[in-house]
Amino acid sequence: MSREKNDHEFSGLVTEARGGMYAVEERTGRVWLCRTFRGTKTCNGDTTLVAVGDHVTVRSTGDEAEAEGVIVYVDERRSCLVRKRDRKRNRSGEEVQVIASNIDQLAVITSAMEPPLNRRLVDRYLVFAEYSDIPVLIVVNKTDLANHEVLATELAPYRDLSYRIVTVSASTGAGMNILRHQLVNRVSAFSGHSGVGKSTLINALIGEERQMTGALSTAKNRGVHTTSNAVMLPLPDGGHVIDTPGIREFNLSGISRENLRFWFPEFLGPMQECAYSSCTHTVEPGCAVMKAAEEGRIDLQRYESYLAIFDSLDEI
C-alpha cells in the first residue's frame, strides 16, 4: 500500500544501501542519492527501515540537478530476505536485518570445489525459504573443478525434493544460459558463502565487470565507503539480481526448535507416524523420522543438518 504523493515527490526503487545513504532509481532511470530522516514513514512495522528492493517515495531536496532527496515513505514489502543479528541488538533495537526486499526468488550460490559444496549452509537457506514461502534456486558454481559423479550424488537429495538446481562454471561458461533463463523477469537475491564465485557469476550475467564499490561510493565522497548491505543490478534479458554480501553463517530468523521440523518437507510424511505429536525428532522413542533416516528413506546428511540447526536455535 502506497501513500498519496504531492507535487514534489516521486516513486523510486532502492538499488543500493551504504552507510545510511541509498541509491534510488526513478522510472526514468535517473538515480537519486537519498537519506532517511526522522519523519520517514513505513508500513513494515518495527524492522529495517529501508532495504535494497524497497519501493519508496522520495522528496527532492535542494537543486534538482543535484539529484538528492529524502525518503519519506517505504511501501509494504511482499517478501524479504532477512538474517538474525547477533544476540546483542543494534542501536535501533532491531533483532533482524532485512538484506533484500520484494524478491521473487532466493538464489543460493555455492561451489562444487574450492570451497567444497557446503550442504549444511544450503540446508539453512532452504529452511528459511520454506518458512518464508520464497521460491529457491540452488546454483552450484565451479563445476569444472568437480568430479561430476560425486557432485550428482551430493545433489540427488535436493533433486528428489524437487528443488530447482543449476550447475554452472563461471570460468568456462558451462550452464550459464540455463541460469540466465531461470533469472529472466525475476528479482533474484544472490546469497551464499564467501569465495564461491558469486561476483564472478554476476559479472558474467550482466556482461561487464561491475564496479565493486557501487554507485554510492562516487557520490561526492561523503564518507560512504563502508561495506554495502546489498546492491541491485539489471540483467540484459530482463529482471534484476540483488548481490548480497558473502556470509560465513546464515542465522535464521523466525524459526524455533518447535517449528523447525515443518520446514524439512521430507519429514512431513513420516512425522505423522511418530509416537508423540510434539516429537522433536531428536531423542524421542518411537520417532518415525529418525527411523526413516536410519533406513535411508530420509537422506542422512539432511537429517544431520536438521540436528545441527536444532541445536543452534534458542529454546522457546
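These numbers come from a predicted model, not from an experiment. (Residues numbered from 1 in each chain as written. Predicted model: local features only at pLDDT ≥ 70, side-chain atom pairs only at ≥ 80, totals over all residues. Heavy atoms only, no water.)

Chemist: What should I look at first to understand the confidence of the model for the protein chain in this one?
Modeler: Atomic detail in the predicted coordinates should be set aside for any region of low pLDDT. Predicted confidence across the protein chain gives a mean pLDDT of 88, with 86% of residues reaching 70 or more. Ignoring residues within four places in sequence, the model shows residues 87-94, a span with pLDDT below 50, making eight contacts including any to other chains. (pLDDT = per-residue confidence, 0-100. Contact = heavy atoms within 4.5 Å.)

Chemist: When you look at helix α6 (residues 300-312) in this model, what are you seeing that I'm missing?
Modeler: One full turn of an α-helix is made of 3.6 residues, so residues set three or four places apart face in the same direction. Across its 13 residues, α6 extends 18 Å between first and last C-alpha, which sits within 8% of the 18 Å expected from 1.5 Å per residue. Along α6, the residues that are buried comprise Arg-302, Tyr-303, Ser-305, Tyr-306, Ile-309 and Phe-310. Across the axial projection of α6, the buried residues extend over an arc of 155°, all falling on one side. Buried residues along α6 sit against α1 (119-132), α2 (148-160) and α5 (288-294). (Helix = DSSP H or I, 4+ residues; strand = E, 2+ residues; numbered from the N terminus. Expected span 1.5 Å × (residues − 1). Buried < 20%, exposed > 50% of the residue type's maximum accessible area, 1.4 Å probe, protein only. Arc of directions from axis to C-beta.)

Chemist: Got a minute to help me understand the nonpolar core in this structure?
Modeler: The tendency in soluble globular proteins is for nonpolar side chains to be buried as a group. Counting residues in hydrophobic clusters, the biggest one holds 69 residues, and the most contacted among them are Ile-71, Leu-81 and Leu-260. Looking at this core, the element that brings in the most residues is α1, giving seven residues. Ignoring anything within four residues of it in the chain, the contact list for Ile-71 reads Tyr-22, Val-24, Cys-34, Arg-35, Thr-36, Phe-37, Thr-40, Val-50, Val-56, Thr-57 and Val-58. Val-168, Phe-190, Leu-201 and Val-231 belong to the second largest nonpolar core, which has 20 residues in total. (Core = buried A, V, L, I, M, F, W, Y, C linked by side-chain atoms within 4.5 Å.)

Chemist: Explanation requested: the pattern of salt bridges in the structure shown.
Modeler: A full pass over the atoms with the stated rule returns nine salt bridges. Notably, a salt bridge pairs Arg-78 with Asp-104, separated by 3.0 Å at the nearest N-O pair. Remark: Asp-104 occurs in the loop between β8 (96-101) and β9 (105-111) and Arg-78 occurs in the loop between β6 (68-74) and β7 (80-84); sequence separation between them is 26 residues. Notably, a salt bridge pairs Arg-119 with Asp-299, separated by 2.7 Å at the nearest N-O pair. Remark: Asp-299 occurs in the loop between α5 and α6 and Arg-119 occurs in helix α1; sequence separation between them is 180 residues. The class of Asp-299 is partly exposed, set by a relative accessible area of 26%. Connected through salt bridges with shared partners, the residues Asp-123, Glu-266 and Arg-302 form a single ionic network. (Salt bridge = Lys/Arg side-chain N within 4 Å of Asp/Glu carboxyl O.)

Chemist: In this structure, what is going on with α1? I would like to understand it.
Modeler: Under the 1.5 Å per step criterion, the end-to-end length of α1 is 20 Å for 14 residues, consistent within 8% with the ideal 20 Å. Counted residue by residue, α1 has 10 buried out of 14 residues, so it is predominantly covered. Buried-residue contacts for α1 involve β7, β9, β10 (136-141), α2, β12 (187-192) and α6. At the C-terminal side of α1, Asp-133 shows a positive phi close to 55°.

Chemist: Help me out: how do you make sense of the environment of Thr-172 in this one?
Modeler: Structurally, Thr-172 can be placed in the loop between β11 (164-167) and α3 (176-183). Judged by relative accessible area, which is 52%, Thr-172 ranks as exposed. The spatial distance from the C-alpha of Thr-172 to the C-alpha of Thr-143 is 9.3 Å, given a sequence separation of 29 residues. At 3.1 Å, the side chain of Thr-172 forms a polar contact with the side chain of Ser-169. Engagement of the side chain of Thr-172 in a polar contact is seen with the backbone nitrogen of Ala-174, the distance being 3.3 Å. (Polar contact = N/O pair within 3.5 Å; in protein donor to acceptor, adjacent residues only side chain to side chain.)

Chemist: Would you explain the pairing of β11 in this entry?
Modeler: For a regular strand, side chains alternate in direction, first toward one face of the sheet and then toward the other. By the bridge criterion, four bridges tie β10 to β11 in an arrangement that is parallel. Directly across from Ile-138, in β11, lies its bridge partner Ile-165. Crossover connection from β10 via α2 to parallel β11: handedness right-handed. (Pairing = 2+ DSSP bridges. Right-handed = clockwise from strand over helix to strand, strands pointing away.)

Chemist: What am I meant to see in the side chain of Arg-302 here?
Modeler: Among the structural elements, Arg-302 can be located in helix α6. Beyond its immediate stretch of four places on either side in the chain, Arg-302 contacts Arg-119, Asp-123, Leu-126, Tyr-158, Leu-161, Tyr-163, Phe-264, Pro-265 and Glu-266.

Chemist: Just checking my understanding: could you explain the packing of aromatic side chains for this structure?
Modeler: Each aromatic ring pair is described using two quantities: the centre-to-centre distance and the angle formed by the ring planes. If you walk through the whole model with that rule in mind, you get eight aromatic pairs. Relative to Tyr-306, the ring of Phe-264 has its centre 5.4 Å away and its plane inclined at 90°; by these criteria the two rings are edge-to-face. Linking Phe-264 in the loop between β14 (240-243) and α5 with Tyr-306 in helix α6, this pair joins segments that are 42 residues apart in sequence. Pair check on accessibility: Phe-264 and Tyr-306 agree, each one buried. Residues Phe-267 and Tyr-303 carry aromatic rings whose centres are separated by 6.4 Å and whose planes lie at 50° to one another, so their mutual orientation is tilted. Highlighted residues: Phe-267 in the loop between β14 and α5 and Tyr-303 in helix α6, separated in sequence by 36 residues. The pair formed by Phe-267 and Tyr-303 is uniform in burial state, with each residue classed as buried. (Phe/Tyr/Trp six-rings, centres within 6.5 Å; stacked < 30°, edge-to-face > 60°.)

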